[in-house]
Structures are given as structure tokens and as C-alpha cells.
Amino acid sequence: MRVAIIGQGYVGKALGIAAHKAGHSVVGVEIDESRVAELSGAIGYSVSSDFSSVAGSEVVVIAVPTPLDDKRVPDLSYVESACESLKSFVGAGVLVVNESTSFPGTLRNVIAPILGSESLYASAPERIDPANEKWGIENTPRLIAGMSPEATAKALEFYRSFCNEVHEVSSPEVAEAAKLFENTFRQVNIALVNEFAQIANVLGISTHETLAAAATKPYGFMPFVPSVGVGGHCIPVDPSYLSYAAEQAGVEASFINLANKVNVSMPGYIAARIADVLGGSVAGKRIQVAGIAYKADVSDTRESPALALISALKGLGASVSWHDPVVGAWNGERSSDLEAVDLGVIATAHSGVDYGAWRDCKVIDVSTGVNTGWPKFL
Ligand SMILES: NC(=O)c1ccc[n+]([C@@H]2O[C@H](COP(=O)([O-])OP(=O)(O)OC[C@H]3O[C@@H](n4cnc5c(N)ncnc54)[C@H](O)[C@@H]3O)[C@@H](O)[C@H]2O)c1
């Protein structure tokens, strides 16, 4: 099939590579010229900023950002702008698929009205998990729903060409809602375990031992681990798309909003516990934070709670530096080498980091990943 993929970020590039490998003729469209330059010649298919390269495509996939605005309301401006740029190049009968995460009704009420009734429409929300070596685009089951039987059939044909398992649902709204519910499930369970860590601390019991004990129950329990909070642009963002849709329909999503509140409070909570470790105050103390990406072995710092921890510690008067060889540079600063400080904090434990410079320091490990040699602090 001739396939155009709009947006060549994390999702669009992974899809482009998979579709190209499956034998489709792929073009990528990307508005960020530096990204176009970075990808050109590097991925086996062509990428450009010229929307006319979409002309003649049989399948057009939208994979652009769906963030929240500064009032934490869904911002569909990237989706709308991509559709506006596309519309003169999408002919009758072309299948338009949305992979961007959004609330139920986005395909039918936002995308289709811009592109017109002559095209076919399907929703196929992306579920990719960065740095996950076990589950990728081929073996993660894909949800699909078209707005018409013809759209569904064409979407099934396309996704079956590179995805082992494609699960058809009855409407795009179900597919859109399922994607939001999956990430909301993680968000609320992470908030619950973050709250439990605070309860266990005041009760004087070990969170990790308690969780490991609970996890011996073979049914009805799924372990989550406490952390500095949630990061990336999925777990902190997607649940707010669901609560927005609920509120628009007159239902208050109190559970989701509470989970957000608990997760967002974690950096401040950890900063206060660090003050306890340092004898009551962090003022004037030298603190280094290792790992500022939102998860291990990725360079993405979007919504990273480690950054909120750094600003909470600075707000309390600490002198804070950070070390993250995977991120390298952030906000005009470069990663510092680890050095002897008053306290080291492992916020995100990337593989292969040598914490040797901290051997004689106080260190707390609030990461969720591998064993770093220090006990988990939460
Ligand atoms: N990254 C993930 O782990 C992940 C997983 C599942 C779903 N998603 C969802 O997939 C969508 C894309 O996420 P991503 O991580 O690839 O984002 P990203 O920021 O890595 O990539 C999006 C790309 O789209 C480009 N873009 C923006 N507007 C455009 C336009 N009008 N035309 C063409 N290109 C445009 C941007 O320049 C950027 O390169 C979002 O809805 C996100 O929530 C992401």
C-alpha cells in the first residue's frame, strides 16, 4: 500500500519503519525541519515537510502530539493543523487513521469534519512503550475500529501486515476510550501505591516488603511500585483527556483527578523526606539527582517528576545538580559528573551508571527500576 505518516516523532517513526519493513511504500511528513534532516536517509523511507507528498496515498496515518494546554485541557491543535494541511491531498476513498491518543469522538467529530465525507476513517491508538524490549509494534495487540465497514476492512488489512494480533472493536469511540482507560488504570494504581508508601512510612513498615507479600496472592492483585511520580507524555496526560470527556458529558472524574493530585504531590513529599534525612533542612546542602528522564534508558524528560523534585529541593534552599548520561543536556545545562555531595538521589536508574563517586555519601534510591545497591527509599 502507499502509506503517508503524518508526524515523525516516536510513534510515527516506529510505524514508518514497521510499515516499510512489511513492504509498503512509505512517506513521512514532519513539520520540524531538524527532525526531517535527522531522519533523511536514516530510516529506509523518505521524510519531508511537504504535505504534497501525501498525494496518491491509500492510507494516511496521523501520529502528532496531543498534549494538555496550560490549563490542563486537551490541546488538539496539532491534530487539527495536520488535518488542515492534509486536506487538499487526501482523495476520495483514502483511509485516514488516527493513532494519536485522544478522547472518544476525536476521529468522528474533529478529524473527519475537516477532511470531509469522501474519505474512510479508522482509529488505531498506539500503545508503544519506549525502551520495552519485550513488547513492540509487532507483538502488542492493536485495537482497530473504522467509521464504516469499508474503513474497518482496509485498516485491518494494513495493520495485519505488520502486527501479529489486531483486535477489532465496534466503534472508534471504544478504541479511543480503551487507550485512555489503559493509561488511567496505570495512573490510579501508581497513585495508590504512592499513597501507600506514605502510609507505610508513618506506620513504620516496609513498603517493598508489604508489596512483595501482597504480590504472592495469585489472583486479584497486580503490583505497582512507588516513585517520584509519573512522567512522559502518556500517564500524566492521557487520564486528563478522559476526565475532560467525562466533564464535558456532565460527570466528574473525581478518582482520576485525585490520582493526579497524589502523583503530582510526590516530588514535594520526597523533598520533605530528604530534609528529614539531612537533619531537618536541605538549605545550603549539596544534592545531586541521578536520572532526570521520566524512565530508565530513555532520553525523554517530558513531564519528568525528577525535574519537579529538583525544583522542590531548590525551592527549599538546596544547591542541586543533576547527572543523566542518556539525556545529556536539558534546559541549557549539561549533565554533571557524579561527585561527593551531601546527598545523592537516584530518581531514574539508567543502565550502566557508575555511582562509585557516591560511595561515601548518603544516597537515597527512589527509582522504580533495577537494584542499584541501595535499598529502595519509598
Ligand atoms: N511516545 C509514546 O510512548 C506514545 C505511546 C502511545 C501513544 N502516543 C501518542 O502518539 C501521539 C504522538 O506521540 P509521539 O510520542 O510520537 O510524539 P512526538 O512529539 O515524539 O512526535 C510527534 C511529531 O509530530 C510532529 N508534528 C506536529 N505537528 C505536526 C503536523 N501538523 N504535521 C506533521 N508533523 C507534525 C512533531 O514535530 C513531532 O516530531 C500522541 O498522541 C501520543 O500521546 C505516544
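Structural data are supplied above this passage.
Note that the structure is a prediction, hence the values are computed from the model and not measured. (Residues numbered from 1 in each chain as written. Predicted model: local features only at pLDDT ≥ 70, side-chain atom pairs only at ≥ 80, totals over all residues. Heavy atoms only, no water.)

**Student:** Explain the pairing of strand E1 (residues 2–6) to me, using residue names and the numbers behind them.
**Tutor:** Most of E1 is tucked away: four of the five residues are buried. The sheet contact formed by E1 and strand E2 (residues 25–29) spans five bridges and is parallel. The residue of E2 that forms the bridge with Ile6 is Val29. Of the pairings in the sheet, the one linking E1 to strand E4 (residues 59–62) comprises four bridges and is parallel in character. Directly across from Val3, in E4, lies its bridge partner Val59. (Buried < 20%, exposed > 50% of the residue type's maximum accessible area, 1.4 Å probe, protein only. Helix = DSSP H or I, 4+ residues; strand = E, 2+ residues; numbered from the N terminus. Pairing = 2+ DSSP bridges.)

**Student:** Run through the sheet that holds strand E14 (residues 362–365), naming residues and quoting values.
**Tutor:** Strands sit in the order E10-E9-E13-E14 across an open sheet of four strands; the sheet is parallel. The open sheet has two free edges, formed respectively by strand E10 (319–323) and E14, since each of these has just one partner strand. The mean inter-strand angle of the sheet, taken between neighbouring strand axes irrespective of direction, is 20°. Bridging between strand E9 (residues 286–290) and strand E13 (residues 343–346) involves four bridges; their strand directions are parallel. (Axes fitted to C-alpha atoms, helices over the stretch in contact; angles between N-to-C directions.)

**Student:** Mind laying out the side chain of Asn183, listing which residues take part and the relevant values?
**Tutor:** With respect to the secondary-structure elements, Asn183 resides in helix H6 (residues 172–203). Since its relative accessible area comes to 8%, Asn183 is described here as buried. Of the polar contacts made by the side chain of Asn183, one reaches the side chain of Asp238; its length is 2.6 Å. Every residue in contact with Asn183, bar those within four places of it in the chain, is listed here: Cys234, Ile235, Asp238 and Pro239. (Polar contact = N/O pair within 3.5 Å; in protein donor to acceptor, adjacent residues only side chain to side chain. Contact = heavy atoms within 4.5 Å.)

**Student:** I'd like a rundown of the site of the ligand, residues and numbers included.
**Tutor:** Looking at the ligand, there are 26 residues lining it, with Tyr10, Val11, Glu30, Thr66 and Thr101 nearest. Here an oxygen atom of the ligand and a backbone polar atom of Tyr10 are 3.0 Å apart. Within the side chain of Thr66, one N or O atom sits 2.6 Å away from an oxygen atom of the ligand. Relative to its unbound accessible area of 830 Å², the ligand is 91% covered by the protein chains. With three residues, the top contributor of residues to the shell around the ligand is helix H3 (residues 77–86). Tallied by class, the residues present in the shell around the ligand amount to 14 nonpolar, seven polar and five charged. (Near = heavy atom within 4 Å. Areas by Shrake-Rupley, 256 points an atom, 1.4 Å probe, with all protein chains shown as cover. Nonpolar A, V, L, I, M, F, W, Y, C, P; charged D, E, K, R; others polar.)

**Student:** Quick rundown of a nonpolar patch on the surface? Include the residues and the values.
**Tutor:** The grouping of Ile199, Val202, Leu203 and Ile205 at the surface amounts to a nonpolar patch, some 390 Å² of accessible area in total. By the element assignment, Ile205 lies in the loop between H6 and helix H7 (207–214). (Patch = residues over 30% accessible without salt bridge, like charges linked within 9 Å, V, L, I, M, F, W, Y side chains within 5 Å. Salt bridge = Lys/Arg side-chain N within 4 Å of Asp/Glu carboxyl O.)

**Student:** An account of the pattern of salt bridges is needed here, citing residue identities and associated values.
**Tutor:** Two side chains bearing opposite charge may form a pair once their charged atoms approach each other closely. For the coordinates displayed, the defined rule picks out 12 salt bridges. We note a salt bridge from Glu138 to Lys21, for which the minimum N-O separation is 3.0 Å. Note that Glu138 is positioned in the loop between strand E6 (120–123) and strand E7 (142–146) and Lys21 in helix H1 (residues 10–21), a separation of 117 residues in sequence. By relative accessible area, Glu138 is classed as partly exposed at 36%. Accessibility expressed as a relative area gives 64% for Lys21, which makes it exposed. By sharing partners, the salt bridges in this structure join Glu99, Glu126 and Arg142 into a single network.

Read these as geometric descriptors, not functional statements.
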